[in-house]
Amino acid sequence: MQDPIYREAYPRLSVFEAGLSNRVNEVEFDRWLCRFWGPGRCVGELVILARTESTVAIDYWFHGPEYLRGRDLISLSLVAAPNGIDPTRQLFGCDDCKQGRAILAFKRGVWRCCDCHGLGYRSKLIDPQVRVREELAEIDARIPGGRRLRGMHGRTFRELRKRQAALRAQRGPFCEVSEAHRQVIRAEWLEVAKVEHMVHPGYEKAGDKFVKVVRPSWADDPPAPAPAPVAAKP
Ligand SMILES: [Zn+2]
């Protein structure tokens, strides 16, 4: 199968979601974990280990389809990208185009911006009816049975209801998304304290932090053969 040509099929790291867009905001690196979800299963995890003014060290592990496998501890560059609101704003520096980018995507072992990877948007490739149904399903899940769940702002609820009605009006005959456009990866940032268990094989949860597991060298040795059974004395 060919690699998908849209960005949503790849794990993406956002400089804003990772809390790296501002030098002033210090992130508590050992308390957050990014988990990536493919259709119905976790395809990887990523942890941010340390940061200097112009680099950030990440450790990631992906175990999905062929095009998104890999495990490494690498350093990504951060570049200054001041704007009118934030003079200390930072973005990732893409290694290929050398531009400041808010999002890097992981494809075949490398983190680059979506342009350098040649990735477009999934919404441009799928049938408009699939888009309508997918967005509608997302809204239905957020307001089950048209009810407002606790914690949701009244304004958000009203906007979702309005959008739901508009999408229902647009909904036409059932249309299924093609095989080539089914893969969608979502990133979820989790507070380690609330994580049940880590999927990342190099880490273990310890209280509200995670710790890197240093496996003793003998742990990789094949298990010793079981001792030969001792014949029972007559
Ligand atoms: Zn680039």
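One can find the structure itself at the top, above this paragraph.
Here's a quick rundown of the structure. (Residues numbered from 1 in each chain as written. Predicted model: local features only at pLDDT ≥ 70, side-chain atom pairs only at ≥ 80, totals over all residues.)

1. Some words on the sheet that holds strand β1 (residues 12-14)
With respect to topology, 3 strands assemble into an open sheet ordered β1-β8-β9, the strand pairing being antiparallel. Edge positions in the sheet fall to β1 and β9 (110-112), since each has one partner strand and no second. Between one strand axis and the next, the sheet turns through 25° on average, direction left out of account. In this structure, β1 lies alongside strand β8 (residues 103-107), joined through 3 bridges in antiparallel fashion. Considered in β8, the bridge of R12 is made with A105. (Pairing = 2+ DSSP bridges. Helix = DSSP H or I, 4+ residues; strand = E, 2+ residues; numbered from the N terminus. Axes fitted to C-alpha atoms, helices over the stretch in contact; angles between N-to-C directions.)

2. Things to note about the pairing of strand β5 (residues 69-80)
Summarising the sheet, strand β4 (residues 55-63) and β5 pair through 9 bridges and their orientation is antiparallel. Among the inter-strand pairings, I58 is bridged to a residue of β5, identified as I74. Between β4 and β5, which pair antiparallel in sequence order, lie 5 residues. As defined by bridge partners, β5 adjoins strand β6 (residues 90-93) across 4 bridges and the pair is classed as antiparallel. Across the sheet, residue A80 finds its bridge partner in β6, namely Q90.

3. A few points about the sheet that holds strand β7 (residues 100-101)
One open sheet holds the 7 strands; their spatial order is β7-β6-β5-β4-β3-β2-β10, and the pairing between them is antiparallel. Of all strands in the sheet, those bounded by a partner on one side alone are β7 and β10 (186-191).

Geometric values such as these leave the question of function open.
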